[in-house]
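Here are the chains, one letter per residue:
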Amino acid sequence: QVQLVESGGGLVQPGGSLRLSCAASGSIFSINYMGWYRQAPGKQRELVAGITSADSTNYADTVKGRFTISRDNAKNTVYLQMNSLKPEDTAVYYCNADIRSHRSRDYINYWGQGTQVTVSS
């Protein structure tokens, strides 16, 4: 069974930094796209950043220049380095990935359980 587990959330002051990690585990054959989404109270879930298996990246305009997404394919892990954090970055951050297991020929989309990021003084 494949699962995604996030870590690294917490409380940080405005201007501070956090690094989120998301590790995929299970019977994994291949991982294609990996991304980070966030959902603030009362708002829809939105894409923060994504990265393909070829390391092509895309970012929401609101985080460009402040956040960096990267991945370690050997560890089946994706990271989100968040710098210059603002109160409006406060949200639950979710990891998302398209994963093909050894039992399937198809890629299936998986979500992590989410990790809270709070930016406040």
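These lines cover the structure that appears in this document, whether it is placed above or below. (Residues numbered from 1 in each chain as written. Predicted model: local features only at pLDDT ≥ 70, side-chain atom pairs only at ≥ 80, totals over all residues. Heavy atoms only, no water.)

Notes on the overall build of the protein chain
Line of reasoning, step 1. When helices and strands are counted, the protein chain shows 0 helices and 11 strands.
Line of reasoning, step 2. Reading the protein chain from its N terminus to its C terminus gives the helix and strand order β-β-β-β-β-β-β-β-β-β-β.
Line of reasoning, step 3. Computed over its C-alpha atoms, the radius of gyration of the protein chain comes to 14 Å, within 12% of the 14 Å expected for a compact globule of 121 residues.
Line of reasoning, step 4. Projected onto the principal axes, the alpha-carbon positions of the protein chain cover approximately 45 × 25 × 25 Å.
Line of reasoning, step 5. For the protein chain, buried positions account for 41% of its 121 residues.
Line of reasoning, step 6. If you take every contact in the protein chain between residues at least 6 apart in sequence, the share linking residues at least 24 apart comes to 56%. (Helix = DSSP H or I, 4+ residues; strand = E, 2+ residues; numbered from the N terminus. Rg over C-alpha atoms; globule rule 2.2 N^0.38 Å. Buried < 20%, exposed > 50% of the residue type's maximum accessible area, 1.4 Å probe, protein only. Contact = heavy atoms within 4.5 Å.)

Side note on the nonpolar core
Nonpolar side chains tend to gather and get buried jointly when the protein is soluble and globular.
Line of reasoning, step 1. Counting residues in hydrophobic clusters, the biggest one holds 31 residues, and the most contacted among them are Trp 36, Leu 80, Met 82, Tyr 93 and Ile 99.
Line of reasoning, step 2. Going through the elements one at a time, β3 (18-25), β4 (28-39), β5 (46-51), β7 (67-72), β8 (77-82), β9 (91-101) and β11 (115-119) are the ones with two or more residues in this core.
Line of reasoning, step 3. Apart from the residues lying within four places of it in its own chain, the contact partners of Tyr 93 are Glu 6, Leu 20, Trp 36, Tyr 37, Arg 38, Val 48, Phe 67, Leu 80, Met 82, Gly 114, Thr 115 and Val 117. (Core = buried A, V, L, I, M, F, W, Y, C linked by side-chain atoms within 4.5 Å.)

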